[in-house]
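Chain and residue survey
Each chain, letter by letter, is given below.
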Amino acid sequence: MKRLLPLYVIAIYAFLHVPLLILCGFSFNSSKFTVWEGFSLVWYEAMWNDGALAEATLNSLVIAVVSTVVATAVGTLGAYGLWKKNSRLLSGSMYLSLVTPEIITGIAMLATFQWAFRYLHLQLGMTTVILAHVTFSMAYVLLVVMARLRTADPALEEAALDLGATEWQAFRLVTLPMLKPGIAAAALLAFTVSFDDYVITALVAGVDSETLPMVLYAMARRGANPVVSAISTVIFVGLGLLIVVSERLQKA
Amino acid sequence: MSELILEGIYKDFPTHRVVDGITLTIPQGCFYSLLGPSGCGKTTTLRMIAGFDEPDRGLIKLAGRTLNGLRPYERPVTTVFQSYALFPHLTAAENVAFGLRRRKDPDTAKKVRDALELVQLSAKADRLPAKMSGGERQRTALARALVLEPELLLLDEPLSALDPALRKQMRVELKELQARVGITFLFITHDQEEALSLSDRIAVMHQGRIEQMGSPQEIYLTPATRFVAGFLGAVNWVGDVGVRPELTRISRERPPSGMRVKESTVSSAMFLGDCFRVEAQTAAGQSLVAQIAHGLGQFERGERVHLWWDPSDEMALPE
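Residues numbered from 1 in each chain as written. Chains lettered and ligands numbered in written order. Predicted model: local features only at pLDDT ≥ 70, side-chain atom pairs only at ≥ 80, totals over all residues.

**Observations regarding the overall build of chain A**
- Per the secondary structure count, chain A includes eleven helices and zero strands.
- Going residue by residue from the N terminus, the α and β elements of chain A occur as α-α-α-α-α-α-α-α-α-α-α.
- Along the longest, intermediate and shortest principal axes, the C-alpha atoms of chain A span 70 × 65 × 30 Å.
- Every one of the 252 residues in chain A was classed for burial, and the buried ones make up 29%. (Helix = DSSP H or I, 4+ residues; strand = E, 2+ residues; numbered from the N terminus. Buried ≥ 20, exposed ≤ 12 C-beta atoms within 10 Å, placed from the backbone.)

Structure below.
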């Protein structure tokens, strides 16, 4: 049993990470095909010089940053409100938006936007993508922050009031600092779900708002392309670094 | 005079009435306890005084000023919470400084130092609550509430989270602290020993009402109701009268005349360290308990004995 356990752990990690390692490996292959021919950075160079990729990356970053900021702010306040209200029905219904299949959420949003466009002079584009991303990442923020609030001592805010703080000061000086690790984790999650969303984004995007996953998907469908491997490696490493940094920040 | 007066306080929860007409006066500088079982309304009463809940009816007055309708931060009252509710991201000193900073007190640094010294916590000033022992947390909570020099300090079962040895020690310290600062303490507890040993005055609460108010001796020795008698300690009930086990004697020989005597058979004898607890059955099948000092002999199970007491020690409390 004692010797089996490490093997089991290794097997799980291999199952999870070997495909990614293979992808990483082939991004450094000088051949276009899945046969190793020698080390090369040619695909990274191609990636760097690809204008469409650069534009899609910029779009993805703008969308992820804006929707993360909005979803985290709105979601944190929402979680605080739900916690104060303490309604099981309201907090339970949050899970509904998590279990709804993405394709349905996407179609529903598309329908909503098309309906709204009859009254507003808008069209599918960055705005609609950001709105959609705020909507689905907010549910994650709510759940993560609520989980943190549930373990909090409800007497903390009362203690702040008791010591002379107004309701606003109690929130700002006691509740918010206490929630900081939860808010950071929620923001990180919101950023990643926004950055890698394909289904909903593809449905509500316009001509000016192609995101990185959309471009990658189109490239991958056209056949094996080591540029896709290269950019995937960059994203993988980038998000990994983000997680390490946020862990550090939370401990500090 | 900054006395606290509660006048006809009522509070309903959706399902039942929690506080059912409480009227009491707490003199300035008094160590006053609200004693009662859980659910008796004592915590709700405290919350209404602190301003976390509002009474449905009745007046709360402190030093002649009506507190009804004031927000907690507008009341000259501070609280030591059962969970201590220390701010987890702030050190002991920052926790103590919290209220002073809200007031923009120019002497904050000095007052924080003095308050920490008062509770013997100067060495732990820079420690976060997570790194403190239970006793240190409790002292920080006390310092944080006392540093604002409230006219009234509310304490919500502040000793219940401590282990028994520490609880006894903190009891002594709490009493000394109150004598030193001279602030009125309103202490909420379900522990009768705590209330008896700490308080100048006690109000015993039951089902939202005050059953009896008085000094610890008064409520222990002359309880007004059967509930008070039973809540404050064990009682041998014989018809309409009760007698405390420690005032009940036991002997093989016939007791002196004038005593109330019950012929009984010992059903159990337990050594409790500081005394013996002997339980005996009367001929009528009633179970009585005598708590006796070591010097008064040992008794065996099945032995025929006399249980007796002085009629002047009886508490006459018809059912």
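**Thoughts on helix α8 (residues 167–195) of chain A**
Residues and elements named next belong to chain A.
- Along its 29 residues, α8 runs just 36 Å from first to last C-alpha, ending more than 12% under the 42 Å computed at 1.5 Å per residue.
- Bending of α8 peaks at approximately 55 degrees at the position of Lys 180, with proline Pro 181 no more than four residues after it.
- If you check which residues of α8 are buried, you get Ala 170, Val 174, Met 178, Leu 179, Gly 182, Ala 186, Ala 187, Leu 188, Ala 190, Phe 191, Ser 194 and Phe 195. (Expected span 1.5 Å × (residues − 1). Bend = angle between axes of the 7 residues up to and from the residue.)

**Brief notes about the interface of chain B and chain A**
- In this complex, chain B contributes 18 residues to the contact, which on the side of chain A involves 15 residues.
- Listing elements by their share of the side of chain B that touches chain A, those giving two or more residues are β6 (77–80) and α2 (92–102) of chain B.
- Residues that form the side of chain B that touches chain A fall into these classes: ten nonpolar, five polar and three charged. (Contact = placed C-beta atoms within 7 Å. Nonpolar A, V, L, I, M, F, W, Y, C, P; charged D, E, K, R; others polar.)

**Re the environment of Asn 236 of chain B**
Residue and element names in this part refer to chain B.
- Counting through the fold element by element, Asn 236 comes out in strand β11 (residues 236–238).
- For Asn 236, a count of 20 C-beta atoms within 10 Å translates into the label buried.
- Distance from Asn 236 to Glu 314, taken between C-alpha atoms, is 9.8 Å for residues 78 residues apart in sequence.
- When residues no more than four places from it in sequence are discounted, the contact partners of Asn 236 are Gly 242, Val 243, Pro 245, Thr 248, Leu 288 and Val 289.

**Quick look at the sheet that holds strand β1 (residues 4–12) of chain B**
Residues and elements named next belong to chain B.
- Spatial strand order, β2-β1-β4-β5: four strands in an open sheet with antiparallel pairing. In this open sheet, the two strands that pair with only one neighbour each are β2 (17–26) and β5 (65–66).
- Pairing geometry for β1 and strand β4 (residues 57–62), over five bridges, is antiparallel. Within β4, the residue paired with Ile 5 across the bridge is Lys 61. (Pairing = 2+ DSSP bridges.)

**What about the sheet that holds β6 of chain B?**
Residue and element names in this part refer to chain B.
- In spatial order, the strands read β6-β7-β8-β3-β9-β10; together these six strands make up an open sheet with mixed pairing. Each edge of the sheet is formed by a strand with only one pairing partner; in this case those strands are β6 and β10 (209–214). On average, each strand axis in the sheet is tilted by 20 degrees relative to the strand beside it, whichever way the strands run.
- Pairing analysis gives five bridges linking strand β7 (residues 152–156) to strand β8 (residues 184–189), with the strands arranged parallel. (Axes fitted to C-alpha atoms, helices over the stretch in contact; angles between N-to-C directions.)

None of this, on its own, says anything about what the molecule does.
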